[in-house]
Amino acid sequence: MLDVEITVAAEEDIPGIQLAAAESWRAAYAGIFSPDFIEAFIGRAYSTESLRRVIHSARSIFVVARDEGELIGFSHAGFGPRNAELYRIYLRPAWWGSGVGDLLLRRTEEWLREEGYQGYGCFVHGRNIAGQRFYEKHLFRRLPEYNQGDEFYFWKDLDGGT
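Residues numbered from 1 in each chain as written. Predicted model: local features only at pLDDT ≥ 70, side-chain atom pairs only at ≥ 80, totals over all residues. Heavy atoms only, no water.

**Examining the overall build of the protein chain**
Worth spelling out the cut-off: The numbering of helices and of strands both runs from the N terminus, where a helix is a DSSP run of H or I of at least 4 residues and a strand a run of E of at least 2. Radius of gyration here uses only the C-alpha atoms, and the compact-globule reference equals 2.2 Å multiplied by the residue count raised to the power 0.38. When accessible area is computed with a 1.4 Å probe and restricted to protein chains, residues below 20% of their type maximum are described as buried, those above 50% as exposed, and intermediate ones as partly exposed. Contacts were defined at the residue level, with two residues in contact if any of their heavy atoms lie within 4.5 Å. To be clear on the numbers: accessible area is Shrake-Rupley with a 1.4 Å probe, and residue cover counts the displayed protein chains and nothing else. His is not counted, nor are the chain ends, whereas Lys and Arg count as positive and Asp and Glu as negative. Note that the charge is assigned to NZ on lysines, CZ on arginines, CG on aspartates and CD on glutamates.
Scanning the protein chain for helices and strands turns up five helices and seven strands. Reading the secondary structure of the protein chain in the N-to-C direction produces β-α-α-α-β-β-β-α-β-α-β-β. Taking 2.2 N^0.38 as the reference for a compact globule, 162 residues should give roughly 15 Å; the C-alpha atoms of the protein chain span a radius of gyration of 15 Å, in line with that estimate. Dimensions along the principal axes, computed over C-alpha positions, put the protein chain at roughly 35 × 35 × 30 Å. Every one of the 162 residues in the protein chain was classed for burial, and the buried ones make up 48%. Sequence separation of 24 or more characterises 62% of the internal contacts of the protein chain that already satisfy a separation of 6 or more. Surface summary for the protein chain: the accessible area is close to 8600 Å², and the carbon and sulfur share equals 50%. Computed over 18 positive and 24 negative side-chain charges, the inter-centroid distance for the protein chain is 5 Å.

**What to know about helix α3 (residues 48-55)**
Formally: The arc in question is formed by the directions pointing from the helix axis toward the C-beta atoms.
Listing the buried residues of α3 in full gives Ser-50, Leu-51, Val-54 and Ile-55. Within α3, the buried residues cover an arc of 125° as seen down the axis, which keeps them to one side. Buried residues along α3 sit against α1 (14-28), α2 (35-45), β2 (60-67), β3 (70-79) and β4 (84-91).

**Looking at unusual backbone geometry**
We note that Glu-68 has phi near 50°; this positive angle belongs to a residue other than glycine. Residue placement: Glu-68 occurs in the loop between β2 and β3. If you check the backbone angles, Leu-139 has positive phi at about 70° while not being a glycine. For Leu-139, the location among the structural elements is in the loop between α5 (129-137) and β6 (141-142).

**Topic: the side chain of Asp-13**
With respect to the secondary-structure elements, Asp-13 resides in the loop between β1 (5-8) and α1. With a relative accessible area of 7%, Asp-13 lands in the buried category. Excluding anything up to four places from it in sequence, Asp-13 contacts Val-8, Val-64, Arg-66 and Leu-71.

**Examining the layout of surface pockets**
Heads up, the condition is: Site definitions follow a grid-based scheme: protein atoms alone, a 1 Å grid, a 1.4 Å probe that fits but cannot get out for cavities, and for pockets an open set with protein on both sides within 12 Å along at least five of seven lines, plus lining residues having an atom within 4 Å of a point. Grid points are joined across faces, edges and corners, and a volume is the space filled by probe spheres set on the points. Polar here means any residue outside two lists: the nonpolar Ala, Val, Leu, Ile, Met, Phe, Trp, Tyr, Cys and Pro, and the charged Asp, Glu, Lys and Arg; Gly therefore counts as polar.
Volume-wise, the largest pocket comes out at about 1000 Å³. Tyr-29, Ile-89, Tyr-90, Asn-128 and Tyr-135 are, among the 39 residues lining the largest pocket, the residues nearest its centre. Only α1, α2, α3, β4, α4 (100-114), β5 (119-125) and α5 provide two or more residues apiece to the lining of the largest pocket. No other element matches the seven residues that β4 contributes to the lining of the largest pocket. Among the residues making up the lining of the largest pocket, the classes are represented as 23 nonpolar, eleven polar and five charged.

**Comments concerning α1**
Our working definition: Helix span is expected to be 1.5 Å times the residue number reduced by one.
Over its 15 residues, α1 extends 21 Å from the first C-alpha to the last, a length consistent with the 21 Å expected when each residue adds 1.5 Å. Of the residues making up α1, those classed as buried are Ile-14, Gly-16, Ile-17, Ala-20, Ala-21, Ala-22, Ser-24 and Trp-25. Buried positions along α1 lie against α2, α3, β2, β3 and β4.

Next up, the structure:
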């Protein structure tokens, strides 16, 4: 049984989020993107100001997972242009396959249901096989008609939405 705490992110979580993102991106995308691209992306997408903005947004939820106080992963979802979207879910590589991603996704889906969504989508790189398997395990289905370049689009129906 996992003894991991899942909570809504706060500003003091930003350094841990940045560390988890950097470790995860470097491991997951090493064979897909160049190291320079990965570092530039991490710097932009996970800047302190960018994270501060999304953590305080009323239009999204950003949750973190902690083990014995150490931030080990996070999930961020919100309202996209047409539907709810899972923007990102990442774990430090040592925690891949541990079930923590399941806990993060469960909490994120609780919020989406509370907001009245019947489903949500996400994008995953076509060469990110581990990511695709994670989504398929959680009953997402691929909708190729919504792919964007190398990014595959996945959709999940939620029970109990309005």
